[in-house]
Every structure is written in C-alpha cells, then in structure tokens.
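Understanding the architecture of this molecule
Listed below, chain by chain, are the residues.
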Amino acid sequence: MTRDGFNRFCAGFPATSHVVQWGNADVWKVADKVFAICGWADERDAFTFKVSKLAFEVLRDQPGLRPAPYLASRGMSWIQHYDAPGLSDPELCQHIAASYDLVAAGLSLKKRRDLGIPIPNRT
C-alpha cells in the first residue's frame, strides 16, 4: 500500500480527521482518538493500527510485522506493518477497518450518534 492509498482509505471512514505530526507521520483519528498511522521505519512507509488482544498475539511475530514501537511498549495492542512480506493490501485494509471499529466502539453512544458513526445492532 502506498501512503496516498492509505490516506484515501482512512478518509473513507465517518467522522475522521487527519493530522501530520510525529516527524511527518500521517495520523488518522476518529473523534480525536488515533486509529491508524503511516510513518517511516527504515526509510520506508510503515503502517500502524490498533488490534484486539488475540490479533496482537497472532500478528506480532509474523514476518514484516511487529508490536508498534512506543504504543505496544506501553501495553497497548498496536501492530506495525513495516516490511515485506507483512500483509497484503486487502489484509492491511481489513486491519485498519477493524482498528477504526475498535476505536469507535470505545466512544460513548451519544458521541457516536452525534458524529454519525453507525452503531451495530446488538440483537
């Protein structure tokens, strides 16, 4: 995935904002909560996203993936795709979408309604 493709993909989610910070990293947020980052690792783009505890255990040792520097060292479940083979573009998109869902799910129902973020039916 290219940085431009990453930014286009992240821009497609409801109620997102984009800032450039932390040494020219593209940081995507939902309601001011980070859900995805594209920055540099070893002179190439690296994509960082939040995952469930189970996904963290599965992904952290796969080639091209690692616990996200800084975030994972603080006990948070974040993975960084930094090298090949890593994830395919469709897999990376699935994980970024899941990251958005995890972060949005942490918002209050009122905040989600106010921002127009879909609330799944729990029947």
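Numbers given to residues run from 1 along each chain, matching the order in which its sequence is written. Local features are withheld for residues below a pLDDT of 70 in this predicted model, meaning they are given only at 70 or higher, and side-chain atom pairs are given and counted only at 80 or more; totals for whole chains, interfaces and linings count all residues. Excluded from the side-chain calculations are hydrogens and water; all other atoms, namely the structure's heavy atoms, are used.

It is worth spelling out the pattern of salt bridges at this point. Between Lys or Arg on one side and Asp or Glu on the other, a salt bridge is scored when a side-chain nitrogen of the former is within 4 Å of a carboxyl oxygen of the latter. In this structure the tally under the stated criterion is six salt bridges. A salt bridge links aspartate 26 to arginine 3; the nearest nitrogen and oxygen atoms lie 2.7 Å apart. You can see aspartate 26 sitting in strand E2 (residues 25-30) and its partner arginine 3 sitting in helix H1 (residues 3-11), a full 23 residues away along the chain. For aspartate 83, the salt bridge is made with arginine 44, and the minimal N-O distance between the two is 2.2 Å. In DSSP terms, a helix is any run of H or I states spanning at least four residues, a strand is any run of E spanning at least two, and both are numbered starting from the N terminus.

In this approach the atoms are scanned with a rolling probe the size of a water molecule, which exposes any empty space left behind. With a 1 Å grid laid over protein atoms only, a set of points is called a cavity when a 1.4 Å probe fits there but cannot get out and a pocket when it is open yet has protein on both sides within 12 Å along at least five of seven lines; lining residues have an atom within 4 Å of a point. Grid points are joined across faces, edges and corners, and a volume is the space filled by probe spheres set on the points. Approximately 290 Å³ is the volume found for the largest pocket. If you list the elements that add at least two residues to the lining of the largest pocket, you get strand E3 (33-41) and strand E4 (44-50). Ten residues, namely Ala, Val, Leu, Ile, Met, Phe, Trp, Tyr, Cys and Pro, are considered nonpolar, four, namely Asp, Glu, Lys and Arg, are considered charged, and the remaining ones, Gly among them, are considered polar. Tallied by class, residues from the lining of the largest pocket come to eleven nonpolar, four polar and one charged.

A few words on the environment of serine 108. Among the structural elements, serine 108 can be located in the loop between helix H3 (89-105) and helix H4 (109-115). Among the residues examined, serine 108 registers a relative accessible area of 43% and is labelled partly exposed. Sequence separation between serine 108 and glutamate 91 is 17 residues, and the spatial gap between their C-alpha atoms is 28 Å. We call two N or O atoms a polar contact when they sit within 3.5 Å, provided that within protein one can donate a hydrogen and the other can accept it, with sequence-adjacent residues counted only if both atoms are side-chain atoms. Of the polar contacts made by the side chain of serine 108, one reaches the backbone nitrogen of lysine 111; its length is 3.0 Å. Accessibility here uses a 1.4 Å probe with only protein chains present; expressed as a share of the type maximum, an area under 20% marks a residue as buried, one over 50% as exposed, and anything in between as partly exposed.

Next up on the list: the side chain of threonine 48. Counting through the fold element by element, threonine 48 comes out in strand E4. Among the residues examined, threonine 48 registers a relative accessible area of 5% and is labelled buried. Polar side-chain contacts of threonine 48 include one of 3.2 Å to the side chain of glutamine 80.

Helix length check: H3 (17 residues) gives 24 Å between terminal C-alpha atoms against 24 Å at 1.5 Å per residue, within 8%. The set of residues buried in H3 consists of Leu92, Cys93, Ile96, Ser99, Tyr100, Val103 and Ala104. Projected onto a plane normal to the axis of H3, the buried residues spread over an arc of 125° and lie on a single side. Within H3, the exposed residues directed more than 90 degrees away from the buried face are Pro90 and Gln94. The span expected for a helix works out to 1.5 Å for each residue beyond the first. The directions considered for the arc are those from the helix axis to the C-beta atoms.

Following alanine 84, the chain continues to proline 85 via a peptide bond in cis, the omega torsion being 0°. Its identity as a non-glycine residue notwithstanding, asparagine 24 has a phi of 70°, on the positive side. Position of asparagine 24 relative to the elements: it lies in the loop between strand E1 (16-21) and E2. Here the phi dihedral of alanine 31 falls at roughly 50°; this positive angle occurs in a residue that is not glycine. Tracing the backbone shows alanine 31 in the loop between E2 and E3.

These figures capture arrangement, not role.
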